[in-house]
Amino acid sequence: MRHEFPIRVYYEDTDLAGIVYYANYLKFIERARTEWVRALGIDQTRLKAEEGILFAVRRVEADYLKPARFDDELVVETRFEAVTGARIMIEQTVLRQGERLFQAHVTLVCLSESGHAARIPPSVRARIAPALH
């Protein structure tokens with residue numbers, strides 16, 4: 001499954017050279033991940049309240065390929081890669097008119113409210129990776 005999330009580059013996203021500041025790509029992909037999870041029908045607030053489970057980023061491997069600039073219209077694509085007992089691996093790409101500007105492999109972990117690793121609930125696994133169930 002591939003999810004797309006549009007983003008426009010605002011002045012506040014850029015540095016003095018008018019290009020997107022490198023750390024802002026992490027904000028872009030965070031927003032896109034949140035919308036991906038929402039599009040899957042997973043309510044993260046309810047998941048925390050009812051099951052005491054939340055997701056956290058464990059690892060990001062990022063490649064900055066080409067700069068985005070002020071007022072660019074971008075699309076963040078999020079693609080599921082794999083799931084284990086407590087981890088979800090995804091690939092996220094930032095594109096401008098189909099041109100790849102940034103790519104990241106992200107590992108999310110499922111945590112209890114106390115911060116310990118927790119198994120991903122079966123209902124969540126089924127929504128994230130329906131082909132595996």
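Here the structure is shown first, and the text comes after it.
Attention in this report is confined to the structure presented alongside it. No experiment lies behind these values; they were computed from the predicted model shown. (Residues numbered from 1 in each chain as written. Predicted model: local features only at pLDDT ≥ 70, side-chain atom pairs only at ≥ 80, totals over all residues. Heavy atoms only, no water.)

## Concerning the sheet that holds strand 4 (residues 87–96)
Definition in use: Strands pair, by our definition, only if DSSP identifies at least two bridges between them. Every helix listed is a DSSP run of H or I at least four residues long, and every strand listed is a run of E at least two residues long, numbered separately from the N terminus. Fitting a line to C-alpha atoms yields each axis, with helices limited to the stretch in contact; the angle taken between N-to-C directions then spans 0 to 180 degrees.
Taken in spatial order, the five strands line up as 1-3-4-5-2 in an open sheet, and their pairing is antiparallel. Bordering the open sheet on either side are strand 1 (2–8) and strand 2 (53–64), each of which pairs with just one other strand. Taken over all neighbouring pairs, the strand axes of this sheet differ in orientation by 25° on average, direction set aside. The pairing of strand 2 with strand 5 (residues 99–112) spans eleven bridges and is classified as antiparallel. The residue bridging Glu-61 from the neighbouring strand is His-105, located in strand 5.

## Details of the pairing of strand 1
Our working rule: For every residue, the accessible area (1.4 Å probe, protein chains only) is compared with the maximum for its type, and the residue is labelled buried under 20%, exposed over 50%, or partly exposed between those bounds.
Here strand 1 shows one buried face, formed by His-3, Phe-5 and Ile-7, and one open face, formed by Arg-2, Glu-4, Pro-6 and Arg-8. As paired elements, strand 1 and strand 3 (residues 73–83) share seven bridges and run antiparallel to each other. Along strand 3, the bridge assignment pairs Arg-8 with Glu-73.

## Some points on the pattern of salt bridges
Side chains that differ in charge, positive against negative, can pair when their charged atoms come close. As a reminder of what qualifies: Here, a salt bridge means any Lys or Arg side-chain nitrogen found within 4 Å of an Asp or Glu carboxyl oxygen.
Following the criterion strictly, the structure yields 13 salt bridges and no others. In this structure, Glu-61 engages Arg-59 in a salt bridge whose closest nitrogen and oxygen atoms are separated by 3.5 Å. Glu-61 sits in the partly exposed class, given a relative accessible area of 40%. By relative accessible area, which is 48% here, Arg-59 ends up partly exposed. Two residues, Glu-91 and Arg-79, come together in a salt bridge whose shortest N-O distance is 2.8 Å. With a gap of twelve residues between them, Glu-91 in strand 4 and Arg-79 in strand 3 connect regions that are remote in the sequence.

## Comments concerning the nonpolar core
Proteins that are soluble and globular tend to have nonpolar side chains buried together. What counts is decided by this rule: Side-chain atoms within 4.5 Å link the members of a nonpolar core, which is a set of buried Ala, Val, Leu, Ile, Met, Phe, Trp, Tyr and Cys residues. A contact between two residues is defined here by any heavy atoms of the two lying within 4.5 Å.
Core analysis: the biggest nonpolar cluster contains 33 residues, and Val-76 and Ile-88 have the highest contact counts within it. Secondary structure elements with two or more residues in this core: strand 1, helix 1 (22–39), strand 2, strand 3, strand 4, strand 5 and helix 3 (122–128). When sequence neighbours within four positions are dropped, the list of residues in contact with Ile-88 reads Trp-36, Phe-55, Ala-82, Val-83, Val-106, Thr-107, Leu-108, Ile-120 and Ile-128.

## Some thoughts on the packing of aromatic side chains
The following threshold applies: Paired rings are identified among Phe, Tyr and Trp, the last through its six-membered ring, by centres lying within 6.5 Å, and are further divided according to the angle between planes into stacked (under 30 degrees), edge-to-face (over 60) and tilted (the rest).
Inspection of every chain in the model, using the stated rule, returns seven aromatic pairs. On the numbers, 4.9 Å between centres and 15° between planes, the contact of Tyr-25 with Phe-102 is stacked. Here Tyr-25 is found in helix 1, whereas its partner Phe-102 is found in strand 5, with 77 residues between them in sequence. With relative accessibility at 3%, the residue Tyr-25 sits in the buried group. The exposure class of Phe-102 is buried, given its relative accessible area of 0%. Joined through ring pairs, the aromatic side chains of Tyr-21, Tyr-22, Tyr-25, Phe-28, Tyr-64 and Phe-102 make up one cluster.

## As for helix 1
Stated precisely, the cut-off is as follows: Expected span, for any helix, means 1.5 Å times one less than how many residues it has.
End to end, helix 1 covers 27 Å across 18 residues, agreeing with the expected 26 Å (1.5 Å per residue, within 8%). Residues Asn-24, Tyr-25, Phe-28, Ile-29, Ala-32, Arg-33, Trp-36 and Val-37 constitute the buried set of helix 1. Residue Gly-41 follows helix 1 closely and has a positive phi angle near 85°.

## Some thoughts on the side chain of Asn-24
Checked against the element boundaries, Asn-24 lands in helix 1. Ignoring anything within four residues of it in the chain, the contact list for Asn-24 reads Glu-12 and Asp-13.

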